[in-house]
Amino acid sequence: MKSAVERRMEIVNMVNRDGKARVEDLAAQFDVSSVTIRSDLSFLEKNGYVVRSHGAAIPNSGVIAELTVHEKRRQNAGMKTLIGQAAAQLIENGDTVILDSGTTTREIAASLKSLEDVVVMTNGLDVAMELASAPGIEVLMSGGVLRKNALSFSGSQAEHSLKNYRFDKVFLGVDGFDLRAGITTHNEQEASLNRLMCEISEQVIAVADSSKFGKRSCHMIREFGNIDILVTDADIPEEYVQSLREMKVEVIIVDKE
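Residues numbered from 1 in each chain as written. Predicted model: local features only at pLDDT ≥ 70, side-chain atom pairs only at ≥ 80, totals over all residues. Heavy atoms only, no water.

Caption draft 1: Focus on the pattern of salt bridges. Per the counting criterion, the structure on display carries 9 salt bridges. Measuring nitrogen to oxygen at the nearest pair gives 2.9 Å for the salt bridge that ties Asp-40 to Arg-8. Pair noted here: Asp-40 is in helix H3 (residues 34-46) and Arg-8 is in helix H1 (residues 4-18), with a separation of 32 residues, a long-range link. A single burial state applies to Asp-40 and to Arg-8, both of which are buried. The salt bridge involving Arg-106 is made with Glu-130; its shortest N-O contact spans 3.7 Å. Here Arg-106, found in helix H6 (residues 103-110), pairs with Glu-130, found in helix H7 (residues 125-131); they are 24 residues apart in sequence, far enough to count as distant. On the basis of relative accessibility, which here comes to 24%, the residue Arg-106 falls in the partly exposed class. Judged by its relative accessible area of 18%, Glu-130 falls in the buried class. (Salt bridge = Lys/Arg side-chain N within 4 Å of Asp/Glu carboxyl O. Helix = DSSP H or I, 4+ residues; strand = E, 2+ residues; numbered from the N terminus. Buried < 20%, exposed > 50% of the residue type's maximum accessible area, 1.4 Å probe, protein only.)

Structure follows, in structure tokens:
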């Protein structure tokens, strides 16, 4: 039987995929009681993942809730790996790059082990750990205050440590990617650090699986088309592809096949 965390994350995925999920159907799907499902939905609604409506749950179309890094790793894990592998191909020997914290940028790090003479700055603790065994990569840490649920560093110390650097490329993980709200994240200090990362980099590359589109968080990193490259998967809404390409953004689409 699935744990409560696993069951709740699957419920969120089902609701977002299908647009609605009934209590009775969820109880049958997971072989638990209706009381257990109602408790799950109460938890998910309280934390902003879904909205309860007449014996069912529907997606929360407003601001998305923040997940822990462990919860994020369970979401679209296979696709994040493919996106990370595709993004890693944009990094060449001799490059200086920033890898933002995040589960998809961690997948980029996992694909860099064979490169030589590469400098990687990161504010992601797990990103740095992933690169610790890569002999050809020099790893720099931003420092700052550790957000334990995200395994990321941010704050004034992190920003100060970056101001005297210049990089070829920055790879941004995002929480939301919306036509009107732009590229957003949950934490104000991380958004500020991300904006600085973009300012000191020649090329801005966003990595996001298709679940991030049409979603928004509270703090903007960049306006919608203010990036150079987006690496995503084939389920990205077509209107996003068209709008980005009209803004001269290169869109790299990874297919499951």
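Caption draft 2: Inspection of the nonpolar core at higher detail. Grouped together as the largest cluster of nonpolar side chains are 32 residues, with contacts concentrated most on Phe-177, Ile-227 and Leu-230. In terms of residues, this core owes the most to one element, helix H9 (residues 188-199), which gives 5 residues. Not counting residues within four places of it along the chain, the set of residues in contact with Ile-227 comprises Phe-177, Ile-183, Val-204, Ala-206 and Val-249. Counting residues in hydrophobic clusters, the runner-up holds 24 residues, among them Ala-86, Leu-99, Leu-131 and Val-207. (Core = buried A, V, L, I, M, F, W, Y, C linked by side-chain atoms within 4.5 Å. Contact = heavy atoms within 4.5 Å.)

Caption draft 3: Just the domain arrangement of the protein, in detail. In terms of domains, the protein is made up of domain 1 (4-59) and domain 2 (70-254). Distance between the C-alpha centres of domain 1 and domain 2: 30 Å. (Domains from an automatic or database assignment.)

Caption draft 4: Structural context of the packing of helix H2 (residues 23-30) against H3. For the pair H2 and H3, interaxial distance at closest approach is 9 Å and the crossing angle is 110°. Taken together, the axis directions place H2 and H3 in an arrangement best described as roughly perpendicular. On H3, the residues touching Val-23, Leu-26, Ala-27 and Phe-30 of H2 are Ser-34, Ile-37, Arg-38 and Leu-41. For the contact of H2 with H3, the per-class residue count stands at 6 nonpolar, 1 polar and 1 charged. (Axes fitted to C-alpha atoms, helices over the stretch in contact; angles between N-to-C directions. Parallel < 35°, antiparallel > 145°, perpendicular 65-115°, else oblique. Nonpolar A, V, L, I, M, F, W, Y, C, P; charged D, E, K, R; others polar.)

Caption draft 5: Spatial organisation of the pairing of strand S6 (residues 137-141). Pairing analysis gives 5 bridges linking strand S5 (residues 118-122) to S6, with the strands arranged parallel. Bridge pairing links Val-120 to Val-139 in S6. This β-α-β element, S5 to H7 to S6, shows right-handed connectivity. (Pairing = 2+ DSSP bridges. Right-handed = clockwise from strand over helix to strand, strands pointing away.)

Caption draft 6: Region of the structure containing the sheet that holds strand S3 (residues 56-59). Read from one edge of the open sheet, 3 strands run S1-S3-S2, paired in antiparallel fashion. Of all the strands in the sheet, just strand S1 (21-22) and strand S2 (50-52) have a single pairing partner and so form its edges. For S2 and S3, the ladder comprises 3 bridges, and the chain directions are antiparallel. Pairing of Val-50 across the sheet is with Pro-59, part of S3.

Caption draft 7: Spotlight on the side chain of Asn-194. Turning to its location among the elements, Asn-194 is positioned in helix H9. Given a relative accessible area of 2%, Asn-194 falls into the buried group. In contact with Asn-194, other than residues within four places in its own chain, are Asp-100, Leu-172, Thr-185 and Ile-221.

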